[in-house]
Amino acid sequence: MILVTGATGFLGSELVKQLLDSGENVRALKRSGSSIPQILQNCESIRWFEADILDYFALEEALDGISQVYHCAALLSFTAEDKKRQLTINKEGTQHIVNLCLDKNIQKLLHVSSVAAVGESKDSSLITEENQWQFDGTQQGYSVSKYESEMEVWRAMAEGLNAVIVNPSIIIGKNAATKGSGQIFETVRKGIKFYTNGTNGFVDVEDVARAMILLMKSDISGERFIINAENRSLKEILTEAAKNFDHTPPAINAKPWMMELAWRGAGLLSLFNGKKYGLTKDTARNAFKKSAYSNAKFGQLFPDFTYKPIKISIKEICDALKK
């Protein structure tokens, strides 16, 4: 039987759906207060198991009779008040999982990391799995938490755990709704005039799940793989989305000082109304970063794997938001 942590999340739910569609027996982990995503609500064959990722003894019970583990559970946040909690959940939760996998002789673990845990390129070349993350005080809390989580997996692999790691770029898809990467497209739906010159990698959630299943079924171990479909500028993404919404594409190039004022204003407004805004210090500064990722390593091992074009993913997302 297969265990999936974070099964109610954006990636976890898509992974569970694909596993079930292929006939696998899945035990899906969820917290007591989590709601079941729409794409899994009619899947009667799921064996739900309630446990918090920080509850070692509940996790120990969840892993009884399990042969393979997909570890998708993580807290994704770019707000300052979540940094300590994020590090605790992402690092300690992963620590619990890998230790239990070792104790219970789990056949294989697939850990979901992020390109946020991969080092930057120093010469503007494509970033590969060989680029090593180095702390310099500028990284956001999410990046630190994913790096330290990944280090727990590497430590467990050194102790004999059969494991493989994926480092997806920005994951998008029609089922994100207005959370996570979905906030980008919801912002465009409401209307946006500004863009920045930042670039990043993007990949559809369906492709990430497919890549994970291929790696789990393979004999590959002790490796990590960047999963990335295309490197695109944020302006291109916003423009493509605007066209799908029949809106005028953003035409004003936002400067760093403008974004600095914007995130500070959003923070001040949050103090008065208690709402959380997608624009934070970290997201504002990330909007100017220029990162491009290579998917060559994964492609060499799986040459027949094809990615959904980002243009199609954006259309699907916008169509879903229109409804």
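Right above here is the structure, for reference.
Note that the structure is predicted; figures quoted are calculated from it, not measured. (Residues numbered from 1 in each chain as written. Predicted model: local features only at pLDDT ≥ 70, side-chain atom pairs only at ≥ 80, totals over all residues. Heavy atoms only, no water.)

A.B. asks: Residues and numbers for the overall build of the chain, please.
C.D. replies: Scanning the chain from N- to C-terminus turns up 11 helices and 12 strands. Across the 323 residues in the chain, those meeting the buried criterion constitute 49%. At a minimum sequence separation of 6, the contacts of the chain that also span at least 24 residues come to 78%. Per element, the accessible surface of the chain, about 15800 Å² overall, is 51% carbon and sulfur. (Helix = DSSP H or I, 4+ residues; strand = E, 2+ residues; numbered from the N terminus. Buried < 20%, exposed > 50% of the residue type's maximum accessible area, 1.4 Å probe, protein only. Contact = heavy atoms within 4.5 Å. Areas by Shrake-Rupley, 256 points an atom, 1.4 Å probe, with all protein chains shown as cover.)

A.B. asks: Report on helix α5 (residues 182-190), specifying residues and quantitative values.
C.D. replies: Buried residues of α5: Gly182, Phe185, Glu186 and Val188, and no others. In an axial view of α5, the angular spread of the buried residues amounts to 160 degrees, which keeps them on one side of the axis. Of the surrounding elements, those touching the buried residues of α5 are β7 (170-172), α7 (234-244) and α11 (310-322). After α5 finishes, the residue Gly191 shows a positive phi value of roughly 110 degrees. (Arc of directions from axis to C-beta.)

A.B. asks: Can you explain the nonpolar core? Please cite residues and give values.
C.D. replies: Counting 50 residues, the largest nonpolar core has Val4, Leu15, Tyr70, Leu110, Met212 and Leu215 as the members making the most contacts within it. It is helix α6 (residues 205-217) that provides the largest number of residues to this core, a total of eight residues. In contact with Leu15, not counting residues within four places along its chain, are Val4, Tyr70, Cys72, Ala209, Met212 and Ile213. Counting residues in hydrophobic clusters, the runner-up holds 25 residues, among them Leu59, Ile89, Ile97 and Ala156. (Core = buried A, V, L, I, M, F, W, Y, C linked by side-chain atoms within 4.5 Å.)

A.B. asks: I'd love a proper account of the pattern of salt bridges, names of residues and values included.
C.D. replies: One pass over the structure, following the stated rule, counts 18 salt bridges. Here Glu223 ties to Lys297 by a salt bridge, and the two come within 2.7 Å at their closest N and O atoms. Of this pair, Glu223 sits in the loop between α6 and β10 (224-227) while Lys297 sits in helix α10 (residues 296-301), and the two are 74 residues apart along the sequence. Residues joined by salt bridges that share partners form a network here, namely Lys174, Asp204, Glu206, Lys308 and Glu316. (Salt bridge = Lys/Arg side-chain N within 4 Å of Asp/Glu carboxyl O.)

A.B. asks: Lay out the environment of Thr248 in plain terms, naming residues and giving numbers.
C.D. replies: Position of Thr248 relative to the elements: it lies in the loop between α7 and β12 (252-253). C-alpha separation for the pair Thr248 and Lys193, spaced 55 residues apart in sequence, amounts to 8.2 Å.

A.B. asks: Describe in detail the sheet that holds β7, supporting the description with residues and values.
C.D. replies: Overall, mixed pairing links the three strands, which are arranged β7-β9-β11 in an open sheet. The open sheet has two edge strands, β7 and β11 (230-233), and neither has a second partner. Neighbour-to-neighbour, the strand axes of the sheet open up by a mean angle of 45 degrees, direction not taken into account. As paired elements, β7 and strand β9 (residues 199-204) share three bridges and run parallel to each other. Of the residues in β9, the one forming a bridge with Ile172 is Asp204. (Pairing = 2+ DSSP bridges. Axes fitted to C-alpha atoms, helices over the stretch in contact; angles between N-to-C directions.)

A.B. asks: How would you summarise the packing of α5 against α11 if you had to cite specific residues and measurements?
C.D. replies: At their nearest, the axes of α5 and α11 sit 10 Å apart, and the two run at 60 degrees to each other. The angle between α5 and α11 falls in the class oblique. The handedness of the crossing between α5 and α11 comes out as right-handed. Side by side, α5 and α11 meet where Phe185, Glu186 and Arg189 of the first sit next to Ile314, Ile317 and Leu321 of the second. In terms of residue class, the contact of α5 with α11 is made up of four nonpolar, no polar and two charged. (Parallel < 35°, antiparallel > 145°, perpendicular 65-115°, else oblique. Left-handed = near helix turned anticlockwise from the far one by under 90°. Nonpolar A, V, L, I, M, F, W, Y, C, P; charged D, E, K, R; others polar.)

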